[in-house]
Amino acid sequence: MRVRSPCLLSLSRRPPRPPRLLCRLGLGLGLAILATPAPGLGQVPEKRELSAPPAAFVFGGVECPDPKTVQQAVLSLIPPERHSLLARGVRVELEDLGDSYRVTVWKDGASVKKSYADPARECDGRARFAAVFTVLTLMPPELGVEPVVEPGPQTEPATPAPVIEAKVAQTPANAPSPVLPPLAHLELSGLYAFAPAILEAPSLHSFGAELRVAIGRGALSGTISAAYLSRAQFELNGVQGELSRIPVSVGARLRSDFDSWSLAADLGLLLVAERVRATNLLTARSQSAGSLGLRAGVQLAHQFGPHFAPFLAAFAWFSASPSELSALPQGVIGNLPYVWLGAAAGVSFGL
Amino acid sequence: MHRSFSSLSAFAKALLLVASTSACGPTLELGSNVMWATDHESGELDDWYEDGKGGLLLDSANSTVEIANGPAHSGSYSLKFTDLAMSDSEGPGIYRELQAPPDAYYSAWYYLPRLYQTRSQWTIQKFRSRLDSDPSAISHGHDLNLRTLPGGQVVLYVFSHDPAYLQAPLSDPPAFVPIETWFHVEIFFRPRTDETGKILIWLDDRLVYDLEDRRTTGSNDVLWNPCNIGADIQPAPPILFVDDAAISLERVRPDGKPF
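Keep in mind that what you see is a predicted model, and the values were worked out from it rather than measured.

K.L.:
Can you help me understand the overall build of chain B in this one?
P.N.:
Helix and strand content of chain B: one helix and 18 strands. Buried residues in chain B amount to 51% of all 259 residues. Nonlocal contacts in chain B, meaning residues at least 24 apart in sequence, comprise 66% of its contacts between residues at least 6 apart.

This is the structure in structure tokens:
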């Protein structure tokens, strides 16, 4: 039995079209037919969030092939993000002619028909061929096939490869553009930060949350973030206090991908709004200030599809000139930390 | 990738430049543990009279307590005590009065303009209290005294009017005070009518007396009373300057900033 790839067919008819993507898709379809009933373009299907399945578009009062089986096979051959194609005027009709069967694909009012001989009546095989024919008909630009208007029903030898007989009057749909990685990533994380006691700075630790946006598809991207650290308690020279921080950063990220893992290094300018309050003074007041510094970090993420990636991160915040703290009668009792070290865990959403 | 690294390197240099050139951080004033303080720079005694909880304790000899534009520990003004009474029991004084005060630190700077020979007790500070039975009467508690030694040194010592304690042992090494130089006296005072009171005294940041487990007051009322009282201090009249006084929940120390 000889199988003619639709790709080869298309090349023989329309050689000027770039064949790489078309071949990959067509060959994948062929392999899907020959190797396994599992769906996919010759690849292991990618686990994704599927949208709601489209309404029934395969019809026919027959059992061989079964319209439901054909519909499932069609859905499995088309990437989930392209399922919307099936919702726009697509109708597939199946006819069981005994030793043969006929598939009619309607698209926007035009139809393409194909009859296959199958004296053995292998219903599963019929369903697979019907599904492939449907997909090839609905996606002609990728396959390079110019459907031909069907002159009338005919019976063919037992050749499993579909031969398109009808020509659709309408202009084929635009070829889908290559799937690009998300331009922006929205990262939400919980974080823990610790400031060691260095020089006149107290030791503090705090929990918080951070929202970060990374913009860019390449290895280098820009980042902007805002975080909130809950009140951290400290003691300096007999004065007990609480510190809240809102660090905001603007920076750059350098990322490398390893299979489904990505490792990123961040560096940025850090602006921190701080609010500090003494808790054991006779008269106390809250004070706010801002400081300028640097933020550096590394992040390890695992991609689950282009739109979801949990990650772990470690970071350091530096402030060359932290605010001094003073109280009466001691005078200057120290300063806020120079360095914060921390870790974060969160998820990244590709947008 | 190489281009990315180059870009990142340039970016990092720019960030370091920005961060390193940022100005020094501001100083955040968190508050105060100072209950009361004065530096006399108003030129008046009004701080001592604040809230009606203080005032002068004068004698019948018209001794004076006045703001002096003379030697000052900070600024231009200090408090000048001139003792004309020449008595063991009365002389010029000023006080702050506190009702049931917490454990606190009473701090002041003192200045002796010259060397005086003490032929009697010379008291420069008292802790006193009003009697519950007669609020108009002020009892004596613990005194801070000076005595001139034969070698010309002036030593600071503690005397209690409570017969159970009287004069505390002199500190070792002795608590000598300087002449014509400001010295800092700070006292931790735990007022108690039973034997759980406590007095600690620092002279120029050195702990010189540690008196625990004793009655320190006759009632819940406490008067802190810098003064200049002596029956025979030569040459007469003895003069004493006081400046930068404070009552605080935290030690002031000589380098403290109670204002």
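Here the narrative resumes.
K.L.:
Honestly, the interface of chain B and chain A in this entry has me stumped. Any pointers?
P.N.:
Where the parts come together, the accessible area they lose is often given as the size of the interface. At the interface, 34 residues of chain B touch 42 residues of chain A. Counting each side, the surface lost to burial between chain B and chain A is near 3100 Å², with a carbon and sulfur contribution of 67%. Run the count over chain B and chain A and you get zero salt bridges. Connecting chain B to chain A are 14 residue pairs in polar contact (both at pLDDT 80 or more). Going through the elements one at a time, α1 (2–20), β1 (27–32) and β2 (34–38) of chain B are the ones with two or more residues in the side of chain B that touches chain A. The residue makeup of the side of chain B that touches chain A, split by class, is 20 nonpolar, ten polar and four charged. Relative to β1 of chain B, strand β10 (residues 283–284) of chain A runs antiparallel, the two being bridged by two bridges. In the sheet register, A284 of chain A faces β1 of chain B, and the bridge partner there is G31 of chain B.

K.L.:
Even after reading the chapter, I still don't get unusual backbone geometry, so can you show me in this structure?
P.N.:
For residues other than glycine, phi is negative in most cases, and the peptide bonds are mostly trans. With omega at 10°, the peptide bond leading from L328 of chain A into P329 of chain A counts as cis. The omega angle of the peptide bond from Q234 of chain B to P235 of chain B is -5°, so this bond is cis rather than trans. Tracing the chain through its elements places P235 of chain B in the loop between β17 (233–234) and β18 (239–248). Phi angles above zero are rare outside glycine, and L199 of chain A is one such case at about 55°. Mapped onto the fold, L199 of chain A is located in the loop between β5 (184–195) and β6 (204–215).

K.L.:
Before we go on, may I ask you to explain a negative patch on the surface in this structure?
P.N.:
A contiguous patch of negative charge, built from E44, D46, E50 and D51 of chain B, is present on the exposed surface. With relative accessibility at 41%, the residue D46 of chain B sits in the partly exposed group.

K.L.:
Help me understand the state of the cysteines in this model?
P.N.:
Residue and element names in this part refer to chain A. Evaluated as defined, the whole model comprises one disulfide over all chains. Put simply, C64 and C123 are joined by a disulfide, and their sulfur atoms are 2.1 Å apart. Measuring the twist about the S-S bond at about -110°, one finds the C64-C123 disulfide to be left-handed. With C64 in the loop between β1 (58–59) and α3 (67–77) and C123 in helix α4 (residues 123–138), this residue pair connects regions lying 59 residues apart in the sequence. For C123, a relative accessible area of 29% gives the class partly exposed.

K.L.:
Explain the packing of α3 of chain A against α4 of chain A to me, please; I cannot follow it from the model alone.
P.N.:
Residues and elements named next belong to chain A. Here α3 crosses α4 at 50°, and the two axes come no closer than 8 Å. On the basis of the axis angle, α3 is oblique to α4. For the element pair α3 and α4, the recorded crossing hand is right-handed. Contacts between α3 and α4 pair T69, V70, A73, V74 and L77 from the former with A127, A130, A131, V132, T134 and V135 from the latter. Tallied by class, the residues present in the contact of α3 with α4 amount to nine nonpolar, two polar and no charged.

K.L.:
What exactly am I supposed to notice about empty space enclosed by the protein here?
P.N.:
In this approach, a probe sized like a water molecule rolls over the atoms, and the result shows the empty space that is left. Residues and elements named next belong to chain A. Within this structure, the stated rule accounts for four cavities of 30 Å³ or more. Considering only enclosed or pocket space, the largest cavity measures out at about 80 Å³ in volume. What lines the largest cavity is a set of 15 residues, and nearest its centre among them are E210, R212, R295, Q299 and A313. Every element with two or more residues in the lining of the largest cavity is listed here: β5, β6, β11 (287–302) and β12 (308–319). Class assignment of the residues belonging to the lining of the largest cavity gives a composition of six nonpolar, three polar and six charged.

K.L.:
What am I meant to see in the confidence of the model for chain B here?
P.N.:
Low-pLDDT stretches of the model should not have their predicted coordinates read in fine detail. This prediction gives chain B a mean pLDDT of 91; 91% of its residues lie at or above 70. Across the interface, the model reports ipTM at 0.81; the global pTM reads 0.64.

K.L.:
Can you walk me through the pattern of salt bridges in this structure?
P.N.:
Two side chains bearing opposite charge may form a pair once their charged atoms approach each other closely. All names here are of chain A. Evaluated as defined, the whole model comprises 23 salt bridges over all chains. Notably, a salt bridge pairs R295 with E210, separated by 3.7 Å at the nearest N-O pair. Of this pair, R295 sits in strand β11 while E210 is found in strand β6, placing the two residues 85 residues apart along the sequence. The same class applies to R295 as to E210, namely buried.

K.L.:
Would you mind going over the sheet that holds strand β4 (residues 110–117) of chain A with me for this structure?
P.N.:
Hydrogen bonds between backbone atoms are what pair the strands of a sheet, whose relative direction is either parallel or antiparallel. All names here are of chain A. Reading across from one edge, β1-β2-β3-β4 is the order of the four strands in this open sheet, with mixed pairing throughout. The open sheet has two free edges, formed respectively by β1 and β4, since each of these has just one partner strand. Across eight bridges, the pairing between strand β3 (residues 100–107) and β4 is antiparallel. Of the residues in β4, the one forming a bridge with S100 is A117. α4 contacts β2 (90–96), β3 and β4 of the sheet and is inclined by roughly 30° relative to β3.

K.L.:
Looking at this model, I keep getting lost on the environment of P306 of chain A. Mind explaining?
P.N.:
Inspection of the secondary structure assignment puts P306 of chain A in the loop between β11 and β12. Sequence separation of P306 of chain A and G350 of chain A is 44 residues, and the distance between their C-alpha atoms is 6.2 Å.

K.L.:
Even after reading the chapter, I still don't get α4 of chain A, so can you show me in this structure?
P.N.:
For the α-helix, the turn length of 3.6 residues means that residues three or four positions removed from each other point alike. For α4 of chain A, spanning 16 residues, the distance from its first C-alpha to its last is 22 Å, which sits close to the expected 22 Å at 1.5 Å a residue. Of all 16 residues in α4 of chain A, 13 are buried; the element is thus mostly enclosed.

K.L.:
Sorry if this is basic, but what is going on with a nonpolar patch on the surface here?
P.N.:
On the surface, L188, L211, F304, F308, F349 and L351 of chain A cluster together into a nonpolar patch covering about 580 Å² of accessible area. Residue placement: L211 of chain A occurs in strand β6.

K.L.:
Please explain the confidence of the model for chain A as it appears in this structure.
P.N.:
Residues and elements named next belong to chain A. For chain A, the mean per-residue pLDDT works out to 77, and 73% of the residues sit at or above 70. Below a pLDDT of 50 lies the segment residues 1–50, which in the model reaches 57 contacts outside its immediate sequence neighbourhood of four places, other chains included. Across residues 142–173, confidence stays below pLDDT 50; counting only partners more than four residues off in sequence or on other chains, it has 79 contacts.

K.L.:
Even after reading the chapter, I still don't get the sheet that holds β12 of chain A, so can you show me in this structure?
P.N.:
Residue and element names in this part refer to chain A. The strand order around the closed barrel built from eight strands is β5-β6-β7-β8-β9-β11-β12-β15, with neighbouring strands paired in antiparallel fashion. Shown here is a sheet whose adjacent strand axes are inclined to one another by a mean of 25°, direction ignored. Relative to strand β15 (residues 339–350), β12 runs antiparallel, the two sharing eleven bridges. Counterpart to P310 in the pairing with β15 is V347.

Rules used in this analysis
- Residues numbered from 1 in each chain as written.
- Chains lettered and ligands numbered in written order.
- Predicted model: local features only at pLDDT ≥ 70, side-chain atom pairs only at ≥ 80, totals over all residues.
- Heavy atoms only, no water.
- Helix = DSSP H or I, 4+ residues; strand = E, 2+ residues; numbered from the N terminus.
- Buried < 20%, exposed > 50% of the residue type's maximum accessible area, 1.4 Å probe, protein only.
- Contact = heavy atoms within 4.5 Å.
- Buried area = accessible area lost by both parts, 1.4 Å probe.
- Salt bridge = Lys/Arg side-chain N within 4 Å of Asp/Glu carboxyl O.
- Polar contact = N/O pair within 3.5 Å; in protein donor to acceptor, adjacent residues only side chain to side chain.
- Nonpolar A, V, L, I, M, F, W, Y, C, P; charged D, E, K, R; others polar.
- Pairing = 2+ DSSP bridges.
- Patch = residues over 30% accessible without salt bridge, like charges linked within 9 Å, V, L, I, M, F, W, Y side chains within 5 Å.
- Areas by Shrake-Rupley, 256 points an atom, 1.4 Å probe, with all protein chains shown as cover.
- Lys, Arg positive; Asp, Glu negative; His and termini not counted.
- Charge placed at Lys NZ, Arg CZ, Asp CG, Glu CD.
- Disulfide = S-S within 2.5 Å.
- Axes fitted to C-alpha atoms, helices over the stretch in contact; angles between N-to-C directions.
- Parallel < 35°, antiparallel > 145°, perpendicular 65-115°, else oblique.
- Left-handed = near helix turned anticlockwise from the far one by under 90°.
- 1 Å grid on protein atoms, 1.4 Å probe; cavity = no way out; pocket = protein on both sides within 12 Å on 5 of 7 lines; lining within 4 Å.
- Points joined across faces, edges and corners; volume = space filled by probe spheres on them.
- pLDDT = per-residue confidence, 0-100.
- Expected span 1.5 Å × (residues − 1).

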